[in-house]
Number of protein chains: 4
Amino acid sequence: MAKKIRVGILGATGYAAAELMRILLRHPGTEVTALGALPEECGPLKDIYPEFTGRLDLDVRPHDAESLAKACDLVFCALPHAVSFKYVPGLLDAGLKVIDFSADYRLKRPGVYQEWYKVKPDEANLAHAVYGLPELYRDQIPGARLIANPGCYPTGVILGLAPLVNKGLIRPDQIIVSSASGTSGAGRAVKRNFLFCEVNEGFAAYAPAGHRHQPEMEEQLSRIGRVDVRLHFQPHLAPMDRGILSTMFAWPTRDLAGDELLKLYHSFYAKEPFVVVRDAPPSTKHVVGTNYVQVCPLVAQGKVVVVSAIDNLTKGAAGQAVQNMNLVCGFDETTALL
Amino acid sequence: MAKKIRVGILGATGYAAAELMRILLRHPGTEVTALGALPEECGPLKDIYPEFTGRLDLDVRPHDAESLAKACDLVFCALPHAVSFKYVPGLLDAGLKVIDFSADYRLKRPGVYQEWYKVKPDEANLAHAVYGLPELYRDQIPGARLIANPGCYPTGVILGLAPLVNKGLIRPDQIIVSSASGTSGAGRAVKRNFLFCEVNEGFAAYAPAGHRHQPEMEEQLSRIGRVDVRLHFQPHLAPMDRGILSTMFAWPTRDLAGDELLKLYHSFYAKEPFVVVRDAPPSTKHVVGTNYVQVCPLVAQGKVVVVSAIDNLTKGAAGQAVQNMNLVCGFDETTALL
Amino acid sequence: MAKKIRVGILGATGYAAAELMRILLRHPGTEVTALGALPEECGPLKDIYPEFTGRLDLDVRPHDAESLAKACDLVFCALPHAVSFKYVPGLLDAGLKVIDFSADYRLKRPGVYQEWYKVKPDEANLAHAVYGLPELYRDQIPGARLIANPGCYPTGVILGLAPLVNKGLIRPDQIIVSSASGTSGAGRAVKRNFLFCEVNEGFAAYAPAGHRHQPEMEEQLSRIGRVDVRLHFQPHLAPMDRGILSTMFAWPTRDLAGDELLKLYHSFYAKEPFVVVRDAPPSTKHVVGTNYVQVCPLVAQGKVVVVSAIDNLTKGAAGQAVQNMNLVCGFDETTALL
Amino acid sequence: MAKKIRVGILGATGYAAAELMRILLRHPGTEVTALGALPEECGPLKDIYPEFTGRLDLDVRPHDAESLAKACDLVFCALPHAVSFKYVPGLLDAGLKVIDFSADYRLKRPGVYQEWYKVKPDEANLAHAVYGLPELYRDQIPGARLIANPGCYPTGVILGLAPLVNKGLIRPDQIIVSSASGTSGAGRAVKRNFLFCEVNEGFAAYAPAGHRHQPEMEEQLSRIGRVDVRLHFQPHLAPMDRGILSTMFAWPTRDLAGDELLKLYHSFYAKEPFVVVRDAPPSTKHVVGTNYVQVCPLVAQGKVVVVSAIDNLTKGAAGQAVQNMNLVCGFDETTALL
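Residues numbered from 1 in each chain as written. Chains lettered and ligands numbered in written order. Predicted model: local features only at pLDDT ≥ 70, side-chain atom pairs only at ≥ 80, totals over all residues. Heavy atoms only, no water.

A. A look at the overall build of chain A. When its secondary structure is counted, chain A shows twelve helices and 15 strands. For 338 residues, the compact-globule estimate of 2.2 N^0.38 gives 20 Å, and chain A sits close to it at 19 Å. With the C-alpha coordinates of chain A rotated into their principal frame, the extents come out at 60 × 45 × 40 Å. Looking at chain A residue by residue over its 338 residues, the buried ones come to 65%. Summed over all atoms, the accessible surface of chain A reaches about 11,500 Å², with 51% contributed by carbon and sulfur. One way to put it: in chain A the 35 positive side-chain charges average out to a point 2 Å from where the 35 negative ones average out. (Helix = DSSP H or I, 4+ residues; strand = E, 2+ residues; numbered from the N terminus. Rg over C-alpha atoms; globule rule 2.2 N^0.38 Å. Buried < 20%, exposed > 50% of the residue type's maximum accessible area, 1.4 Å probe, protein only. Areas by Shrake-Rupley, 256 points an atom, 1.4 Å probe, with all protein chains shown as cover. Lys, Arg positive; Asp, Glu negative; His and termini not counted. Charge placed at Lys NZ, Arg CZ, Asp CG, Glu CD.)

B. Layout of the packing of aromatic side chains. Summed over all chains, the structure comprises 42 aromatic pairs over all chains. Measuring from centroid to centroid gives 6.3 Å for Phe76 of chain B and Phe101 of chain B, while their planes differ by 80°, and the two rings are edge-to-face. With a gap of 25 residues between them, Phe76 of chain B in strand S5 (residues 74-77) and Phe101 of chain B in the loop between strand S6 (97-100) and helix H5 (110-117) connect regions that are remote in the sequence. For Phe76 of chain B, a relative accessible area of 0% puts it in the buried group. Phe101 of chain B gets classed as buried once you look at its relative accessible area, which sits at 12%. An aromatic cluster of at least three residues, connected via ring pairs, comprises Phe85, Tyr113 and Tyr117 of chain A. The positively charged end of Arg188 of chain B is found above the aromatic ring belonging to Tyr49 of chain B, 4.1 Å away from the centroid. (Phe/Tyr/Trp six-rings, centres within 6.5 Å; stacked < 30°, edge-to-face > 60°. Lys NZ or Arg CZ within 6 Å of the ring centre and 35° of its normal.)

C. A look at the interface of chain B and chain A. The interface is formed by 41 residues belonging to chain B together with 41 residues belonging to chain A. Buried area between chain B and chain A, summed over both chains or domains, comes out near 3,200 Å², and the portion from carbon and sulfur atoms is 61%. At the junction of chain B and chain A, the tally comes to zero salt bridges. Scanning the region where chain B abuts chain A turns up 17 residue pairs in polar contact (both at pLDDT 80 or more). Counting only elements with at least two residues in the side of chain B that touches chain A, the list comes to strand S9 (170-181), helix H9 (196-199), strand S10 (204-205), strand S11 (231-237), strand S12 (244-252), strand S14 (293-300) and strand S15 (303-310) of chain B. For the side of chain B that touches chain A, a count of residues per class yields 22 nonpolar, 13 polar and six charged. (Contact = heavy atoms within 4.5 Å. Buried area = accessible area lost by both parts, 1.4 Å probe. Salt bridge = Lys/Arg side-chain N within 4 Å of Asp/Glu carboxyl O. Polar contact = N/O pair within 3.5 Å; in protein donor to acceptor, adjacent residues only side chain to side chain. Nonpolar A, V, L, I, M, F, W, Y, C, P; charged D, E, K, R; others polar.)

D. Fine view of the packing of helix H8 (residues 152-166) of chain D against helix H11 (residues 258-268) of chain D. Residues and elements named next belong to chain D. With their axes 10 Å apart at the nearest point, H8 and H11 run at an angle of 105° to one another. With respect to H11, the element H8 is oriented roughly perpendicular. Each of Leu159, Gly160, Leu161, Ala162, Pro163, Leu164 and Asn166 in H8 lies in contact with H11, whose residues at this interface are Leu261, Leu264, Tyr265 and Phe268. Of the residues in the contact of H8 with H11, the class split is nine nonpolar, two polar and no charged. (Axes fitted to C-alpha atoms, helices over the stretch in contact; angles between N-to-C directions. Parallel < 35°, antiparallel > 145°, perpendicular 65-115°, else oblique.)

E. Representation of the relation of the copies chain B and chain C within the structure. Laying chain B over chain C is done by rotating through 180° and shifting 0.0 Å along the axis; what remains is an RMSD of 0.0 Å. The symmetry that links the two subunits is that of a two-fold axis. When the interface residues of chain B are mapped onto chain C, 100% of them again fall at the interface, so both copies present the same face. (Least-squares fit on C-alpha atoms with pLDDT ≥ 70 in both.)

F. Spatial organisation of the domain arrangement of chain A. Residues and elements named next belong to chain A. Taken domain by domain, chain A comprises domain 1 (5-150 + 316-329) and domain 2 (153-312). Taking the mean C-alpha position of each, domain 1 and domain 2 sit 24 Å from one another. Between domain 1 and domain 2, the residue contacts involve 26 residues of the former and 27 residues of the latter. Put simply, domain 1 and domain 2 have three salt bridges between them. Across the pair Arg138 and Glu272 runs a salt bridge, and its minimum N-O distance is 2.6 Å. Inspection of the domain 1/domain 2 interface yields 15 residue pairs in polar contact (both at pLDDT 80 or more). When contributions to the side of domain 1 that touches domain 2 are tallied by element, the ones reaching two or more residues are helix H1 (15-24), helix H5 (110-117), helix H7 (134-137) and helix H12 (314-329). (Domains from an automatic or database assignment.)

G. Representation of the relation of the copies chain B and chain A. Between chain B and chain A, the superposition needs a rotation of 180° and an axial shift of 0.0 Å, giving an RMSD of 0.0 Å. When the interface residues of chain B are mapped onto chain A, 100% of them are again interface residues, pointing to one common binding face.

H. Structural view of unusual backbone geometry. Unusually for a residue other than glycine, Glu201 of chain A sits at a positive phi of about 60°. Mapping Glu201 of chain A onto the fold places it in the loop between helix H9 (196-199) and strand S10 (204-205). In this structure Glu201 of chain A comes out as buried when scored by relative accessible area, which is 10%. Backbone geometry places Ala207 of chain D, a non-glycine residue, at a positive phi of 50°.

I. Structural view of the interface of chain B and chain C. Between chain B and chain C, the contact holds 17 residues from the first and 17 residues from the second. Interface area lost by chain B to chain C is led by Arg26, Arg55 and Leu338 of chain B, which between them contribute 28%. Between the two partners, chain B and chain C, sit two salt bridges. A salt bridge links Lys285 of chain C to Asp241 of chain B; the shortest N-O distance between them is 2.7 Å. Summed over the shared surface of chain B and chain C, the result is eight residue pairs in polar contact (both at pLDDT 80 or more).

J. Highlighting the pairing of strand S1 (residues 5-10) of chain D. All names here are of chain D. By the criterion of burial, S1 is predominantly enclosed, with five of the six residues buried. Note that S1 and strand S2 (residues 30-36) share six bridges and pair parallel. Its bridge partner lying in S2, Arg6 is registered against Glu31. Of the pairings in the sheet, the one linking S1 to strand S5 (residues 74-77) comprises four bridges and is parallel in character. Considered in S5, the bridge of Leu10 is made with Cys77. (Pairing = 2+ DSSP bridges.)

K. How the structure looks around the pattern of salt bridges. This structure, assessed with the given rule, holds 60 salt bridges over all chains. Here Arg6 of chain A and Asp73 of chain A are joined by a salt bridge, their closest N and O atoms 3.0 Å apart. Separated by 67 residues along the polypeptide, Arg6 of chain A in strand S1 (residues 5-10) and Asp73 of chain A in the loop between helix H3 (65-71) and strand S5 (74-77) bring together distant segments of the chain. The class of Arg6 of chain A is partly exposed, set by a relative accessible area of 24%. Taking the relative accessible area as the measure of exposure, Asp73 of chain A reaches 28% and is therefore partly exposed. Of the charged contacts, one joins Glu333 of chain B and Arg138 of chain B as a salt bridge, the two residues approaching to 2.8 Å between their closest N and O atoms. In this pair, Glu333 of chain B is assigned in the segment after helix H12 (314-329) and Arg138 of chain B in the loop between helix H7 (134-137) and strand S8 (146-148), connecting sequence segments 195 residues apart. The network of salt bridges with shared partners includes Glu19, Arg22, Glu51, Arg242 and Asp311 of chain A.

L. View of the packing of helix H8 (residues 152-166) of chain C against helix H10 (residues 213-225) of chain C. Residues and elements named next belong to chain C. Running from N to C, H8 and H10 point in directions that differ by 25°, and their axes come no closer than 9 Å. Taken together, the axes of H8 and H10 are roughly parallel relative to one another. Considering the relative orientation of H8 and H10, their crossing is right-handed. Seen from H8, the contacting residues are Cys152, Tyr153, Pro154, Val157, Ile158, Leu161, Ala162, Val165 and Asn166; seen from H10, they are His213, Glu216, Met217, Gln220, Leu221, Ile224 and Gly225. When its residues are assigned to classes, the contact of H8 with H10 shows eleven nonpolar, four polar and one charged. (Left-handed = near helix turned anticlockwise from the far one by under 90°.)

M. View of the side chain of Gln214 of chain A. Here Gln214 of chain A shows up in helix H10 (residues 213-225). Excluding anything up to four places from it in sequence, Gln214 of chain A contacts Trp116, Leu231 and Phe233 of chain A together with Gln301 of chain B.

N. Local environment of a negative patch on the surface. A cluster of acidic residues, Asp47, Asp57 and Asp59 of chain A together with Asp279 of chain D, forms a negative patch at the surface. Positionally, Asp279 of chain D belongs in the loop between strand S13 (275-277) and strand S14 (293-300). The class for Asp279 of chain D is exposed, based on a relative accessible area of 58%. (Patch = residues over 30% accessible without salt bridge, like charges linked within 9 Å, V, L, I, M, F, W, Y side chains within 5 Å.)

Next comes the structure, spelled out in structure tokens:
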């Protein structure tokens, strides 16, 4: 058997990292060799995530670039934004391939990053980072040293709207996106408002003034549409572990029939292994635990309405990261993801 | 002590009826004397809803107008649409006051009812029915013989938008409403798609082509705004028992500051016992089990965004019905509802 | 109208306190006049619990005995164990009646308290404290200055087993209790293991070596049975907000028929307003949001099996506290609790 | 590549069948070629389970033994008890290997089956059926033509108690088992008591007089212990999709230390790929979506307490069935299950 790719994970205590481990345990071509976190978060993995007892016998340790370079060929960096960019340059310098889960290398224009994140980005590496949405950048991913793994909301929204903006079928300046996310999207940070009894049996809107995933959606959709796309993004928190449903409202630029729209989507995504086009709105339940995105485009009430569903931890984070790794490392794109 | 109002409930096996019983058990001025349902649904209440064992010792029976007229002064009719209008005329003829939960007496224009419900309404009684949203029709309710209790979605949406359309502050023809409801909104009918394992851990959009509550919202908002209001209404199903959150997006007709908007809402609802105006978006968790609606109006991303939260079974059904009953019967409006 | 009882709440930021406020807002004879908490927890109540916006316009403040004595007639002390006994003596000295939610005054034998809680109790006040389970101590409660409000698990278990141990119908040294509690039982403390994504969709056993509520159950049941009762208590955490179901297994001391058992329970609890005896096992859903306990005694598989259900925040905490307050203050025992 | 095993599924519309498809989609050595159900349940799989849209493009059809024999090498029979035994003989006669999910071939003594299921079993095939718990019957499974896949509760309970009864460390006639299951255990039948709003936020005991899985546990444990094992089994329904936690209480036959017990379990299960022994009680959350069983044996409160956790649809049904198939067909036992 070919030598396995040795994989490290930084930020190993978060939910996306745990999902990543779950997927990698099924991957025949990789071996997880290092788990890193801040010193106060470290310990045997089985104490941090008891589900890995007897399955992945590793300690989470305060790794640095040097120790990772010895143990790994590729590192998944599942750190928060503005933390990631402190580690990524060292990892790249040590010759590691990096797939980064944070927002630090997603926004191509440094000024936009600085506006939304209030710090300057790592411009040197931003320049060569590839936005890891295989459906749009499949050609560029294999050769990349640094992949910016897309945000969870952007993955569902960009894939939901891409055919429409690409074909100029909706007004690009008047799109409304109402999304609902499971609570794992908030991460594993210990905050009162994410206690079970605060979230359970409740549904809430948040960040009405603007969410950091919005410029990411706009940048990518503008590129696809070769036009300045502006959207109004309103996220909600739903009482469930996983899943994002995005309902998108747009004004058509010409008369559109539902059948035509459906045909367009089927054609646009014909060769995509993880995009499923449907003629009825999906539930997040139909994609949870998978790397699939389900997209339903409709003409309704005089508008174009698109509903997309993903699992925020899989296609919205760890699954997509493995999809990227598969492309980077020359595995079949769907390995460990079916 | 004054003689108690004797109350009957038709459609006593549904969730709204159960919520109604819960509220009425706390009401010092009423007594539940009759529970009616279709023959196949009948039996001791404690077998149908074990929570009432030892609390409300009644049988659910196949009542008719005559037997109800003997046992009751007022009847809550919690039947489905197009069933209600078969019972209501007889109840009125028998001299009973009726508070109807269905859509049968809500839409003032018979043609609109027929378009959405595919049957002809009971025009004779529609003509004198009062739309039971006390915040808008408090003066007309006390004298009414027939109250059309508002729909659950309309209650949250109308109260959320009323100040804006009344003052002409938003474009009336371009309003987008994205709502999420707890599953009790679907009723207690035994259908596969409402099984626990189908709903739990899932979030889904439904009825994209149009929902029957939309003309109700439009009719009432048009009246309040003295202009033709059209909105795009998209409901979702959330994995929780109760609660509706409505997020409403509208285009302002002039420059608006957030403070001004907040002040307007505080003033508009200053005397309302059940409307709470907030400056941060509510969660349904903040209103569940109560008759309150929480409304948060914001200026955000160049638009007006209003988020409202209600309990669909309380302010969206049984609580509002008791509020109406209190007005009809001369009780303090908040009796049993605080 | 008679002057209202002025009520204060210490530990006002916890879930039991919030439930208490909800109940007291419905109580015609009381007025909440003071809310106390540690300085770092203080602020407007509506920021801590947005559900009280516009309903209870108070600030949570770092109250002491002196300020409470001025503002209140009676104080509910909803503080953790070993904190409560620092405040209660001062409150009593200031002439206030106290209903204490903690374990500090529940265990009559100081040594048992010290064994389980690792600190010495307040023996002086322990001596006159009355265990506030009205079903057992209704006569002593009205005259008490200090009520030890029972624990949540003990309430359901004691009421479930009382008739059996009282009549000597089960072996007192061989009782197994397997209970499951909703997550609000863990309080509002911000701990990782109570985050939504840790609790949701999971069911777990905890504290197998022994839980602090066990000696409380044993002390009360021993008293009722006039024999040394020992039980094995195993709690579990269930993915729901509220409710405790206790399933109790015991060996009968003689041949027992199911009917006889049911008759015994009906007779034992005949005059109890909040105990509902049933012939089928209840769900916590049948009592959630109420002050009722549902008890189902069965002869099954050669044993006596009793299943009891309560809402841990209501009959298991705040509801029972109000029941006690009603008795102490001369209100009807069920006021605000139906 | 070797020719793939062609697999059929009868009872394809149930939850266990859906889980089976999910697992088989990851299996490199099998291909699903036929899905069968009653005529009224048939249709395109994507309409019955939208999650398989674009992933498994098959119709569910009313297959018989003949059509299955043409299309398949092996059939998973996921039918209800007393239905399965009508199909299995024909499948075996047609030369198919069968893995049966029902209880029809689990109980070796026909009289016991008849007592609990009220019909006579298929004695001819019962005689050669192998109980498919690989941890106990690994040697017999590869040569079997008919595997009786164990029940969900029995899997967790038998694996939890096997080391104890095998070594004679607990009294065999006095074992109490209190289990809680997620709602998928009730299947996909459309019944009122499994509606979302009936199950959610509730925890309930059921079947106190005796559950059909009890004789299965007793038969297997008696064999392991070479003694007549009797247990008291009490199941509960928990508000979650999946997972079974069993808490087992037993009396030790001699002084036992916790360490000794833990060492025994580690040794007993040393070579098992799917049994994880832990020193702290698991949550179902730690095994959901996996084929693992987590077992924690403890000495507590003078008794032996064992807590085991499985996913009822995976190790409790479809995962274990694939584990059996792997053994039957000569695949690595863990294929598609890690």
